[in-house]
Amino acid sequence: MVTPSIDLPNGLLMTRLKLPPWLVLLLPAILILMAVVLIPLLLSLYSSFTSYRLTRPDSITNWIGTFNYEKAAKDENFWAAFGRTVLFLTIALNLEMLFGLGLALMVSKVTKGQRLLRTVMMFPMMFSPILVGFQFKFIFNDNVGLVNNALQSLGLSSTAIPWLVDGKLALFSIAFAEIWMSTSVFGILILAGLYAIPQDPLEAAKVDGCTSWQSFRFVTLPFLMPFIYIAMAIRSLDVARAYDMVQIMTNGGPARRTELLWTLIGRTGYVDAKMGYANAMGYISIFLAIFFTVYFFKKLTSARAELGMGG
Amino acid sequence: MAQVHLRSVVKKYGGLQVVHAINLDIADGEFVVLVGPSGCGKSTTLRMIAGLEDISGGEVLIGDRVVNDLPPRERNLAMVFQNYALYPHMSVRENLGFSLKIAKRSQSEIDRAVDDAAEILSLTPLLDRKPGQLSGGQRQRVAMGRAIVRHPDVFLFDEPLSNLDAKLRTQMRVEIKKLHQRLKSTIVYVTHDQVEAMTLADRIVIMRDGHIEQIGTPLEVFERPNTTFVATFIGSPPMNMLPARVGGGRVVLTDGTAFDIPPGHKVEEGQDVIFGARADNIMPVGHSLPATEHVAEVKMSVQLTEPLGTETLLFAQLAGQEVQAKMLNPRPVASGEVLTFQINLDKCHLFDAETGASLRV
């Protein structure tokens with residue numbers, strides 16, 4: 001480093017501003033992260049303490065303390081959506097896991113054309129959720145939909161079943177679409193797990209007297225658990241932010257009966273323009289996602305430790 | 001406990017036949033070792049006994065039951081695998097007790113059996129560990145313990161020591177032998193290591209290309225090999241094999257050196273043969289065992305020496321071929337030094353040059 005000369009004020013200035021090398025090297029990353037993540041995050045956090053409305057930009061300076069949070073805590077619609085999201089998440093994840101497991105087990109047994117089958121298996125993932133939403137909106141339509149048509153042609157039902165209108169049926173229909181689209185995520189990850197299982201312990205289990213079910217239960221499944229938890233962690237984040245498909249299929253209706261957290265927050269923020277309140281609900285909801293992620297990662301870590309794969 | 005019988009057992013993978021109609025009778029309590037180079041079908045044979053491979057032809061009997069169509073779990077066997085095949089998510093205790101748990105035995109019975117097995121194999125301090133926290137030798141012992149808790153009819157070992165280092169291998173070999181003496185159970189053991197085969201077996205089955213080359217006690221296969229393959233496979237260093245022809249009632253090597261016909265062999269005049277002699281039976285005069293009845297003497301130039309302490313291995317040239325010989329009470333030998341060697345013809349072998357079959361009568 002050049003020793004600054006006392007005669008040169010410029011040199012002195014340079015020395016005073018000299019940053020430690022580690023900071024200089026990290027600066028680009030820090031600047032990008034600040035621009036992309038930190039500032040929006042802080043801004044939205046700040047706005048959740050204001051009465052910020054999209055239609056009145058100046059309201060962002062109107063500090064109202066924790067009013068939005070108190071309002072959310074007392075809002076029945078918010079907690080109903082919260083509970084419904086948890087329910088939706090639980091049903092969708094568990095069914096996707098079970099179907100994915102079954103799918104993976106079957107595909108792993110196929111001897112001819114397995115590559116083709118694996119590709120076909122991933123087709124549903126290749127569509128935009130919006131399109132899947134439109135497709136299932138049509139399939140479950142009570143007048144022209146495929147399901148009702150089929151049921152009536154087969155004589156299984158004489159009336160038009162209101163798939164997307166009845167509250168319970170509508171949630172079922174959305175879950176159905178969600179499961180159709182994303183079961184293959186579980187399928188693919190579990191299949192990867194099945195390929196990674198060493199054959200020796202399975203053979204040892206056979207000699208030790210296990211039936212095929214017992215081999216699966218006591219040897220295969222423990223090996224698959226880390227893969228299942230990884231899939232669960234990824235998918236819980238996905239499902240917890242479910243918006244597009246619900247928005248298309250029911251728009252949270254009828255009468256809020258399929259309202260999930262993000263359709264509610266989206267409507268509050270952009271339709272009702274109450275961005276401050278929407279941000280407050282968003283921050284509460286984030287905890288749900290964080291909770292599930294932490295939960296499944298804990299499970300993953302302990303399942304890996306069980307298998308002696310280290311933390 | 002039970003006998004095992006193989007009757008014309010065949011294994012085919014599609015059009016490829018890897019085991020060719022082998023017959024083998026294993027007595028109750030016998031320790032039989034299947035040995036051979038890799039790809040000879042020994043592991044496949046063992047896996048057919050275990051039920052992990054389908055049997056393409058012939059019959060496998062355990063006790064007096066034909067087990068061809070029984071799944072492994074109904075054969076009452078225990079198997080120790082090369083890679084131990086422990087259940088990584090279970091503790092040592094759970095690994096040992098797993099088969100009994102599957103068989104729905106009572107917890108107290110499982111505990112007793114596990115404690116006994118752990119005691120025998122000195123695994124007691126390790127019972128609560130996971131396989132990932134054990135060394136190779138300890139894992140091997142757990143794998144053996146898992147086999148013995150079941151009191152199976154037959155133990156199957158598939159190259160159980162090949163993943164261990166040399167020292168541990170020797171130690172575990174002794175433990176397996178002790179275990180057999182203690183349990184007096186029928187054991188079928190597969191290895192490619194002829195030393196393991198010699199040291200462990202009651203009887204050795206030498207396999208090659210899906211055929212059985214010879215069955216016999218370790219000493220039988222060592223002293224009376226049926227074929228050149230067995231002669232070179234069993235014993236270390238491998239037997240010296242020199243091409244020769246029978247002429248004038250003697251064995252004549254390619255350079256004209258001639259010996260008497262080793263006793264006990266039937267040859268025809270002019271027959272092409274292979275003369276086989278182990279290093280132990282070729283020794284320099286003055287550094288050999290007391291002379292036996294039939295001895296040939298031959299001068300050879302020593303090219304290389306390998307001192308082993310109590311003896312030195314000499315690499316010499318005879319009839320244009322390298323011959324290994326042994327020197328007892330060794331003295332330093334210079335490279336190129338010519339020594340007179342005594343060949344103990346009583347222990348030498350003649351094989352048909354074409355078929356490789358022994359000409360012993």
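Residues numbered from 1 in each chain as written. Chains lettered and ligands numbered in written order. Predicted model: local features only at pLDDT ≥ 70, side-chain atom pairs only at ≥ 80, totals over all residues. Heavy atoms only, no water.

Asker: I'd like a description of the sheet that holds strand S19 (residues 338-344) of chain B, backed by residues and values.
Answerer: All names here are of chain B. Spatially, the five strands line up as an open sheet ordered S15-S19-S16-S17-S18, and their pairing is antiparallel. The sheet is open, and its two borders are formed by strand S15 (282-284) and strand S18 (321-328), each paired with just one other strand. For this sheet, the mean inter-axis angle between neighbouring strands, taken without regard to orientation, is 50 degrees. Summarising the sheet, strand S16 (residues 295-307) and S19 pair through seven bridges and their orientation is antiparallel. In the sheet register, Lys299 faces S19, and the bridge partner there is Thr340. (Pairing = 2+ DSSP bridges. Helix = DSSP H or I, 4+ residues; strand = E, 2+ residues; numbered from the N terminus. Axes fitted to C-alpha atoms, helices over the stretch in contact; angles between N-to-C directions.)

Asker: Account for unusual backbone geometry, naming residues and giving values.
Answerer: Residue and element names in this part refer to chain B. Cis geometry marks the peptide bond from Ser236 to Pro237; its omega dihedral reads -5 degrees. By the element assignment, Pro237 lies in the loop between helix H8 (228-233) and strand S11 (240-247). With a phi angle near 45 degrees, Glu159 is a residue other than glycine that sits in the positive phi range. Residue position: Glu159 is located in the loop between strand S7 (154-158) and helix H5 (166-183). The phi dihedral of Ala319 is positive, around 50 degrees, even though this residue is not glycine. In this fold, Ala319 is placed in the loop between strand S17 (311-318) and S18. A residue is classified by how much of its surface remains accessible, and Ala319, at 19% relative accessible area, is buried. (Buried < 20%, exposed > 50% of the residue type's maximum accessible area, 1.4 Å probe, protein only.)

Asker: Could you give an account of the domain arrangement of chain B, with specific residues and numbers?
Answerer: Residue and element names in this part refer to chain B. Domain boundaries assigned for chain B yield domain 1 (4-233) and domain 2 (240-352). When each unit is reduced to the centre of its C-alpha atoms, the spacing between domain 1 and domain 2 is 39 Å. Tallying the contact residues gives nine residues for domain 1 and six residues for domain 2. A combined buried area of about 610 Å² lies between domain 1 and domain 2, and 66% of that area is made up of carbon and sulfur atoms. Considering only the surface of domain 1 that becomes buried against domain 2, Phe222, Thr228 and Ala231 emerge as the three largest contributors, covering 60% of it. Summed over the shared surface of domain 1 and domain 2, the number is zero salt bridges. Our count for the domain 1 to domain 2 interface comes out at one residue pair in polar contact (both at pLDDT 80 or more). Among the secondary structure elements, those contributing two or more residues to the side of domain 1 that touches domain 2 are helix H7 (218-223) and H8. With three residues, the top contributor of residues to the side of domain 1 that touches domain 2 is H8. Here the residues of the side of domain 1 that touches domain 2 sort into three nonpolar, four polar and two charged. (Domains from an automatic or database assignment. Contact = heavy atoms within 4.5 Å. Buried area = accessible area lost by both parts, 1.4 Å probe. Salt bridge = Lys/Arg side-chain N within 4 Å of Asp/Glu carboxyl O. Polar contact = N/O pair within 3.5 Å; in protein donor to acceptor, adjacent residues only side chain to side chain. Nonpolar A, V, L, I, M, F, W, Y, C, P; charged D, E, K, R; others polar.)

Asker: Can you tell me about the packing of helix H3 (residues 67-74) of chain A against helix H13 (residues 275-306) of chain A, naming the residues and giving the values?
Answerer: Each pair of packed helices can be summarised by the angle the axes make with each other and by the distance between the axes. Residues and elements named next belong to chain A. Here H3 crosses H13 at 65 degrees, and the two axes come no closer than 9 Å. Seen from above, H3 lies across H13 with right-handed handedness. The segment H3 lies against H13, with Asn68, Tyr69, Lys71 and Ala72 engaging Gly276, Tyr277, Ala280, Met281, Tyr283 and Ile284. For the contact of H3 with H13, the residue count by class is seven nonpolar, two polar and one charged. (Left-handed = near helix turned anticlockwise from the far one by under 90°.)

Asker: Describe helix H12 (residues 261-271) of chain A, naming the residues involved and giving the relevant values.
Answerer: Listing the buried residues of H12(A) in full gives Leu261(A), Thr263(A), Leu264(A), Ile265(A), Gly266(A), Thr268(A) and Gly269(A). Looking at the residues trailing H12(A), positive phi occurs at Ala273(A), about 65 degrees.

Asker: Run through the sheet that holds strand S8 (residues 186-191) of chain B, naming residues and quoting values.
Answerer: All names here are of chain B. With mixed pairing, the six strands of this open sheet are ordered in space as S6-S7-S8-S3-S9-S10. The outermost strands of the open sheet, each flanked by one partner alone, are strand S6 (77-80) and strand S10 (211-216). Direction aside, the axes of adjacent strands within the sheet are offset by 15 degrees on average. Where strand S3 (residues 31-35) lies against S8, five bridges are found, and the strand directions are parallel. Bridging across to S8, Val35 finds its partner in Thr191.

Asker: I'd like a description of the layout of surface pockets, backed by residues and values.
Answerer: All names here are of chain A. Empty space within the largest pocket amounts to approximately 630 Å³. Lining the largest pocket are 22 residues, and of these Lys109, Gln199, Leu202, Lys206 and Thr220 sit closest to its centre. Elements represented by at least two residues in the lining of the largest pocket include exactly helix H4 (76-109), helix H8 (167-196), helix H9 (199-207) and helix H10 (212-240). At five residues, the largest contribution of residues to the lining of the largest pocket is made by H10. Of the residues contributing to the lining of the largest pocket, the split by class is eleven nonpolar, six polar and five charged. (1 Å grid on protein atoms, 1.4 Å probe; cavity = no way out; pocket = protein on both sides within 12 Å on 5 of 7 lines; lining within 4 Å. Points joined across faces, edges and corners; volume = space filled by probe spheres on them.)

Asker: Which residues make up the pairing of strand S1 (residues 4-13) of chain B, and what values do they have?
Answerer: Residue and element names in this part refer to chain B. For S1 and strand S2 (residues 16-26), the ladder comprises seven bridges, and the chain directions are antiparallel. Bridging across to S2, Lys12 finds its partner in Gln17. For S1 and strand S4 (residues 57-62), the ladder comprises five bridges, and the chain directions are antiparallel. Looking at the pairing, His5 lines up with Leu61 of S4.

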